[in-house]
Each structure stands twice: as structure tokens, then as C-alpha cells.
Amino acid sequence: MSDDVAADIVGELVAVRDRAYAPYSRHPVGALVISESGTRYSGANIEVAHYKGLCAEASAIAAMASAGERRLSEVYVIGPGQHLCTPCGDCRQRIREFATDETRILVVDADGALLRRYTMNELLPDAFGPDNLDLD
């Protein structure tokens with residue numbers, strides 16, 4: 001993948017970010033995940049009055065998991081400005097749950113220009129995940 005984010009992905013990111021419900025923070029975020037099958041799932045942050053809302057990444061991953069998919073190929077995150085809007089700690093752990101070593105996490109600016117690309121290990125080094133549990 002080049003340093004350019006495909007125009008159709010940018011369009012989906014901007015559209016979902018613009019549908020965010022962020023009346024308290026006024027910080028709309030959008031996320032788009034691409035599953036192992038190549039299907040795209042998007043989500044926006046949804047805030048509620050008691051401040052325990054749903055992050056955009058969590059929203060997109062929930063849509064993917066609800067569709068029966070379990071592996072992330074790529075994760076895109078867009079915020080409202082020109083600064084890095086990286087996944088929060090909770091979302092980093094949530095991404096880890098469905099990521100592989102090949103999963104790429106890409107953060108773009110408000111216009112869709114790539115700001116930073118991460119591997120899962122770069123985003124959450126030495127992460128605790130499903131493989132750390134002895135479920136046998």
C-alpha cells in the first residue's frame with residue numbers, strides 16, 4: 001500500500017465521521033475497518049450524557065464482529081483536525097483482540113491524508129491478547 005489512502009476509503013471515513021454523535025466533546029471521529037474477507041465496516045463515536053460513550057473504532061469492530069467476522073486486515077481512523085487522532089487505550093486493546101501481526105492501523109487527518117501507519121506491535125507493544133490465555 002502506498003502512502004496515499006484510496007479516495008473511496010477517505011470518502012467513507014469522512015462520511016461516517018460526519019455522522020458522529022459528539023455533542024459533548026465536539027470531537028467527531030470515524031473509523032473504517034477492513035476484515036480478513038475484504039468487507040468494510042465503519043463506525044462513528046457516539047457520546048452519551050454520562051460521558052461513557054462508544055468510540056468509532058469500537059463501533060466499527062462491533063459491526064464486524066456482529067456480522068460474524070473475527071479478523072482485522074486494516075483499521076483506518078479519522079478525526080476532525082490535522083493532528084493525530086490515534087485509538088485510545090481501550091480501542092487499542094479491542095483492535096488487538098481481532099488483529100494479526102499483519103494488521104495495519106492507519107491514522108489520517110481531517111482530509112484523509114495519511115499521518116501515520118502502525119503495526120499492532122507499534123500501537124500496543126507487548127500486548128496481552130487471546131494467545132496469553134490458556135483456554136485448553
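Residues numbered from 1 in each chain as written. Predicted model: local features only at pLDDT ≥ 70, side-chain atom pairs only at ≥ 80, totals over all residues. Heavy atoms only, no water.

## Some remarks on the side chain of Ser59
Here is step 1 of the chain: Along the chain, Ser59 turns up in helix H2 (residues 56-66).
Here is step 2 of the chain: We classify Ser59 as buried; its relative accessible area is 19%.
Here is step 3 of the chain: Once residues lying within four places of it in the same chain are set aside, the contact partners of Ser59 are Gly43, Ala44 and Leu54. (Helix = DSSP H or I, 4+ residues; strand = E, 2+ residues; numbered from the N terminus. Buried < 20%, exposed > 50% of the residue type's maximum accessible area, 1.4 Å probe, protein only. Contact = heavy atoms within 4.5 Å.)

## Examining the UniProt feature "binding site: Zn(2+)" (unreviewed entry) in the protein
Here is step 1 of the chain: With numbering matched to this structure, UniProt assigns "binding site: Zn(2+)" (unreviewed entry) to Cys55, Cys88 and Cys91. These annotated residues cover 37 residues of sequence, but their C-alpha atoms sit close together, with the largest distance between any two at 8.5 Å.
Here is step 2 of the chain: In this fold, Cys88 is placed in the loop between strand E3 (72-78) and helix H3 (89-98).
Here is step 3 of the chain: As for its placement among the helices and strands, Cys91 is situated in helix H3.
Here is step 4 of the chain: Note on Cys91: relative accessible area 1%, which makes it buried.
Here is step 5 of the chain: Apart from the residues lying within four places of it in its own chain, the contact partners of Cys91 are Cys55, Glu57 and Ala58. (UniProt positions renumbered as here; feature names shortened; annotations may be inferred.)

## Points about H2
Here is step 1 of the chain: Taken as a whole, H2 has its buried residues at Ala56, Glu57, Ala58, Ser59, Ala60, Ile61 and Met64.
Here is step 2 of the chain: In the core, the buried residues of H2 are packed alongside strand E1 (30-35), strand E2 (40-44), E3 and H3.

## What about the UniProt feature "active site" (unreviewed entry) in the protein?
Here is step 1 of the chain: UniProt's feature table lists "active site" (unreviewed entry) at Glu57, given in the numbering used throughout.
Here is step 2 of the chain: Note that Glu57 resides in helix H2.
Here is step 3 of the chain: Among all residues touching Glu57, those that are not within four sequence positions of it are Ala31, Val77, Thr86, Pro87 and Cys91.

## Examining the environment of Ile95
Here is step 1 of the chain: Position of Ile95 among the secondary structure elements: in helix H3.
Here is step 2 of the chain: Judged by its relative accessible area of 0%, Ile95 is buried.
Here is step 3 of the chain: In this structure the C-alpha to C-alpha distance between Ile95 and Met120, which are 25 residues apart in sequence, comes to 8.2 Å.
Here is step 4 of the chain: The contact partners of Ile95, leaving out residues within four places of it in the chain, are Ile61, Leu72, Val75, Pro87, Ile105, Met120 and Leu123.

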